[in-house]
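The chain contents come next:
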Amino acid sequence: MPDKPDTARIRQPHDSAAGARAVVETLRHAVGKAGLGRGIGALLRVNQPGGFDCPGCAWPEDSAHRKRAEFCENGAKAVADEATRKTIGADFFARHTLTDLADRSGRWLNEQGRLAEPVVRRPGSDRYEPIGWDDAFALIARELGALESPDEAVFYTSGRTSNEAAFLYQLLARQFGTNNLPDSSNLCHESSGVAMTAAIGSGKGTVSLADFDRADAIFICGQNPGSNHPRMLATLQAAHRRGAKIVSINPLRETGLRRYRNPQEVSGYVSAGTPLADLHLPVNVNGDVALLKGLSKALIEADAADGGVLDREFIETRTRGFGAFRDDLDRTEWPDIVAASGVAEAAIRQAARIAIEADSTICCWAMGLTQHPNAVGNVQSIVNFLMLRGNLGRPGAGACPVRGHSNVQGDRTMGITDHPSAEHLEALDREFGMRAPTAPGLNAVDAIRAMGAGKARVFIALGGNFAAATPDPGFTEAALRRCRLTVQVSTKLNRSHVVAGETALILPALGRTDLDTTSAGEQFVTCENSMGVVSASRGRLPPAAQDARSEVAIVAGIATALFGDTRDHAARVPWRDFAEDYGRIRNRIERVVPGFDRFNERLEREGSITLPHAVRDRREFATASGRATFSVHPLPPAALPAGRYLMMTIRSHDQFNTTVYSNSDRYRGIFGTRRVLFINPDDVRAAGLAAGDEVTLVSESGGEERTAPGFRIVPYEIPAGCVASYYPETNALIPLGHVAAGSNTPAYKSVVIRLVSSAAVSR
Ligand SMILES: Nc1nc2c(c(=O)[nH]1)N[C@H]1C(S)=C(S)[C@@H](COP(=O)(O)OP(=O)(O)OC[C@H]3O[C@@H](n4cnc5c(=O)[nH]c(N)nc54)[C@H](O)[C@@H]3O)O[C@H]1N2
Ligand SMILES: Nc1nc2c(c(=O)[nH]1)N[C@H]1C(S)=C(S)[C@@H](COP(=O)(O)OP(=O)(O)OC[C@H]3O[C@@H](n4cnc5c(=O)[nH]c(N)nc54)[C@H](O)[C@@H]3O)O[C@H]1N2
Ligand SMILES: [Mo]
């Protein structure tokens, strides 16, 4: 049964973010879903010492200026969504067949409440029915044991998983014998990791929060912090008030970067707010390599004219490849840069001037740079730009990929990856007396291909919504359905539960907000934020989902069923002990993963630990040459033929990835619908369309026509030839093979489409 449609209203986009309205929205969500005491209680414990890590995003909490209940509307929505008292158990699944659930929207599925008991879909059945935990673990062990090779199993992780659960999960996969550990990072910042590892010898950001107190210029590229990292706006506001200049590089003039009303301050309720961005460069979708080349060219030209712009000493002693980089820029003409970036030369020079006048510059970026065919080139172009003025490994300067999921960076640190380092595998072998497999495993896109081809037959997901987050849902869903067994370890119902393998299990997990108590007492877990700081996270709310188990307990349960529980085995990998006392897992993390010395002790004493970072701490580059590397990237192709548009798929203000909280996006003036296409007013006219017209989006990449019907035209301030729509509604338009070179990340933000008017279709 399809959901009742909302009434759609389109208005002017907002010109300031947060403010009093955000406070109202927060309370509405917290109180509405979790109930008064529970909701407010949860909000007071977000990112506080003794509280839990906010599941909303990976921006660090500002401990220097931390206020009680650091306020964040969208963090509150994430908390309230998890802390809801509504639960669904076997009776729900008795009432709703898979056929029924298949017609429901993602939003409806999520609104049913927290998953409360393990259920199984048996072969041929149209519904999930109850199953005991031990039977569920035995079933998984049986299916894994029946595979011809361990490489027929896939172990997916979404980035909310704690360090402790992630460490056990990668151990489970490798003890079983595979590196098939795809994760949400494959869909997200993989391009940043690949680009930075090659260029500077580390895939992690090189700044800490304190650097934002010292930066003179902050460039925000391809990121919408007002909706996706709202706490970052307070950091930016403080920097801006100190006199730091902020440059935004984005096809859209996002509300959060226009003006910000700090809800922590009384003036935030009444004033028009602080203008945040000093300069906005409305770059074409995928025009960033061109724009960044322009910025670098302007720096080199200014140095040639006046001297003193380039950090010659840094370039000569710490980098290589500068000559080839400069020669390429000499050959690149300004008109080509302007055509490919869509930004006027004068505006690019103005941004370059801000960087020249700044002693130290930080560049932040997110999905606007990482989800394109040349995403690795985008990120390396940022590194090039930073290196020209020595903006790496010194205070107030550096590269800041702003991570998505709250522990996606920690999961990688724990070894969740399809291409583990030899050092990590050797450390596991030493610690657990095992032989970890050395062949690389499958990343997310390759895992879908392998399942589609029948080469991978068991799919286990530790969180996430694999079926809806990946490209080409038609193909991905068929691939998942081909599996002998799919297992979803989840907090809330989503599309991936509807796309069942021959046998399918749903195992309900505790979330970040839930109290986690074992026979050894109350447990806590740890998470690593975007800046390499690892902190404890303690759930505080009595779990609403009575029969849910912690992710640690679930992974250990599978392992115990799979590997047996003999004394001999338990002496090497004491899974039961791990599940009882998470401190014992941390002791093993300390011995396997570099940077975690005296992990438990320091957590207890200092509350958090900062992981070492060679670039940030010592200006050292762990590349083959020991130097950071300039790289040369071609200009992206300029304009598409008439009638073709380059589409980016973005998040609204009211969703967390595939979880849609409401169909509105108030900062962009959209209410009651998500099936909209943001498009330049001149393009609307040229296409003979008008605001509100309904169109079908047609993509042709991959040599196959794919369509998404029923999108309304919204004339919007966006560069000509570029359009935007919401994720995941338009994932159907993206073929599986449309990925970033080098990182295999789906190019979700570079989709060539054309429009067919619905009037034309019905004729
Ligand atoms: N409330 C909330 N918080 C979240 C999430 C959420 O869904 N909801 N998701 C979390 C996750 S997993 C992630 S990865 C992050 C995502 O955080 P963001 O990366 O901010 O998310 P997107 O909406 O994908 O936004 C991409 C931004 O890049 C711009 N952009 C698109 N294409 C280009 C381009 O070619 N060049 C440039 N310069 N800009 C471009 C878009 O206009 C948009 O402003 O947020 C995390 N936090
Ligand atoms: N078109 C398009 N597609 C995209 C993107 C885009 O910008 N455009 N962005 C991509 C990005 S950046 C990402 S990160 C991926 C996201 O991909 P995923 O991480 O796979 O998807 P989510 O929507 O974050 O997963 C939500 C589900 O996670 C489960 N969950 C939530 N919290 C917990 C928990 O604590 N434990 C457990 N076990 N389960 C939990 C709930 O069941 C919830 O329904 O999507 C990608 N897909
Ligand atoms: Mo992400």
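What you are looking at is a predicted structure, and each value in this text was computed from that prediction instead of being measured.

What counts and what doesn't
- Residues numbered from 1 in each chain as written.
- Chains lettered and ligands numbered in written order.
- Predicted model: local features only at pLDDT ≥ 70, side-chain atom pairs only at ≥ 80, totals over all residues.
- Heavy atoms only, no water.
- Near = heavy atom within 4 Å.
- Polar contact = N/O pair within 3.5 Å; in protein donor to acceptor, adjacent residues only side chain to side chain.
- Areas by Shrake-Rupley, 256 points an atom, 1.4 Å probe, with all protein chains shown as cover.
- Helix = DSSP H or I, 4+ residues; strand = E, 2+ residues; numbered from the N terminus.
- Nonpolar A, V, L, I, M, F, W, Y, C, P; charged D, E, K, R; others polar.
- Pairing = 2+ DSSP bridges.
- Axes fitted to C-alpha atoms, helices over the stretch in contact; angles between N-to-C directions.
- Contact = heavy atoms within 4.5 Å.
- Phe/Tyr/Trp six-rings, centres within 6.5 Å; stacked < 30°, edge-to-face > 60°.
- Buried < 20%, exposed > 50% of the residue type's maximum accessible area, 1.4 Å probe, protein only.
- Salt bridge = Lys/Arg side-chain N within 4 Å of Asp/Glu carboxyl O.
- Parallel < 35°, antiparallel > 145°, perpendicular 65-115°, else oblique.
- Domains from an automatic or database assignment.
- Buried area = accessible area lost by both parts, 1.4 Å probe.

**Some thoughts on the site of ligand 1**
By nearness alone, 32 residues border ligand 1, and Glu-254, Asn-286, Asp-288, Gln-655 and Asn-657 come closest of all. Note that an oxygen atom of ligand 1 is positioned 3.4 Å from one of the backbone N or O atoms of Gly-368. The protein chains hide 99% of the 920 Å² of surface that ligand 1 would expose on its own. The set of elements that each furnish at least two residues to the shell around ligand 1 consists of helix 10 (225-228), helix 19 (367-370), strand 25 (645-650) and strand 26 (655-656). Classifying every residue of the shell around ligand 1 gives 12 nonpolar, 16 polar and 4 charged.

**Overview of the sheet that holds strand 16 (residues 458-462)**
Read across the sheet, 6 strands follow the order 6-5-18-17-16-7 without closing on themselves; strand pairing throughout is mixed. Strands with a single pairing partner mark the edges of an open sheet, and in this sheet they are strand 6 (128-130) and strand 7 (153-157). In this sheet, adjacent strand axes meet at a mean angle of 15° when their direction is disregarded. Those strands touched by helix 8 (residues 163-176) are strand 7 and strand 16, and its axis lies near 170° from that of strand 7.

**Re the sheet that holds strand 11 (residues 274-275)**
Strand order across the open sheet formed by 3 strands is 2-10-11, with mixed pairing between neighbours. Strand pairing shows two members of the sheet lacking a second neighbour, strand 2 (17-18) and strand 11, which therefore form its edges. Across 2 bridges, strand 10 (residues 259-261) lies against strand 11 in antiparallel orientation. Looking across to strand 11, one finds that Tyr-260 is bridged to Thr-274.

**Some remarks on the packing of aromatic side chains**
As enumerated under the stated definition, the model contains 20 aromatic pairs in all. Considering the side-chain rings of Phe-155 and Tyr-169, the 5.8 Å spacing of their centres and the 80° angle between planes classify their relative orientation as edge-to-face. Of this pair, Phe-155 sits in strand 7 while Tyr-169 is found in helix 8, placing the two residues 14 residues apart along the sequence. On the basis of relative accessibility, which here comes to 1%, the residue Tyr-169 falls in the buried class. Ring geometry for Tyr-156 versus Phe-459: centroids 6.3 Å apart, planes at 25°, classification stacked.

**Things to note about helix 3 (residues 73-83)**
Counting buried positions over the 11 residues of helix 3 gives 11, a clear majority of the element. Along helix 3, the residues that are buried comprise Glu-73, Asn-74, Gly-75, Ala-76, Lys-77, Ala-78, Val-79, Ala-80, Asp-81, Glu-82 and Ala-83.

**Considerations on the pattern of salt bridges**
Enumeration according to the criterion identifies 44 salt bridges in this entry. Linking Arg-586 and Glu-164 is a salt bridge whose minimum nitrogen-to-oxygen distance equals 2.9 Å. Of this pair, Arg-586 sits in helix 30 (residues 582-592) while Glu-164 sits in helix 8, and the two are 422 residues apart along the sequence. No difference in accessibility class separates Arg-586 from Glu-164, as the two residues are buried.

**Side note on the site of ligand 2**
Inspection of the region around ligand 2 gives 29 residues, with Ala-469, Glu-551, Thr-658, Tyr-727 and Asn-731 positioned closest. Asn-731 is positioned such that a nitrogen or oxygen atom in its side chain is 2.6 Å from a nitrogen atom of ligand 2. Protein burial of ligand 2: of its 930 Å² of free accessible surface, 96% is covered by the chains. Considered class by class, the residues forming the shell around ligand 2 number 9 nonpolar, 15 polar and 5 charged.

**What about the side chain of Asp-81?**
Tracing the chain through its elements places Asp-81 in helix 3. A distance of 3.0 Å separates the side chain of Asp-81 from the side chain of Asn-110, its partner in a polar contact. Not counting residues within four places of it along the chain, the set of residues in contact with Asp-81 comprises Lys-33, Asn-110, Lys-492, Thr-659 and Tyr-661.

**Some remarks on the packing of helix 17 (residues 334-341) against helix 18 (residues 345-357)**
Running from N to C, helix 17 and helix 18 point in directions that differ by 95°, and their axes come no closer than 10 Å. By the criterion of interaxial angle, the relationship of helix 17 to helix 18 is roughly perpendicular. Contacts between helix 17 and helix 18 involve Trp-334, Ile-337, Val-338 and Ser-341 on the former and, on the latter, Glu-345, Ile-348 and Arg-349. Class assignment of the residues belonging to the contact of helix 17 with helix 18 gives a composition of 4 nonpolar, 1 polar and 2 charged.

**What to know about the domain arrangement of the chain**
Taken domain by domain, the chain holds domain 1 (87-186 + 407-513 + 546-596), domain 2 (190-401) and domain 3 (645-762). Distance between the C-alpha centres of domain 2 and domain 3: 27 Å. Listed as interface residues are 25 residues of domain 2 and, on the opposing side, 26 residues of domain 3. Overall, the association of domain 2 and domain 3 removes approximately 2000 Å² of surface from exposure, summing both partners, and the carbon and sulfur fraction of that is 57%. Three residues, Leu-252, Val-285 and Gln-371, lead the burial of domain 2 against domain 3; their summed loss comes to 30% of the area buried on that side. Seen at the junction of domain 2 and domain 3, the total is 2 salt bridges. A salt bridge links Arg-253 to Glu-717; its shortest N-O distance comes to 2.9 Å. Viewed at the interface, domain 3 and domain 2 are joined by 10 residue pairs in polar contact (both at pLDDT 80 or more). Breaking the side of domain 2 that touches domain 3 down by element, the ones donating at least two residues are helix 9 (190-200), helix 10, helix 19 and helix 20 (375-388). Grouping the amino acids of the side of domain 2 that touches domain 3 by side-chain chemistry returns 10 nonpolar, 12 polar and 3 charged.

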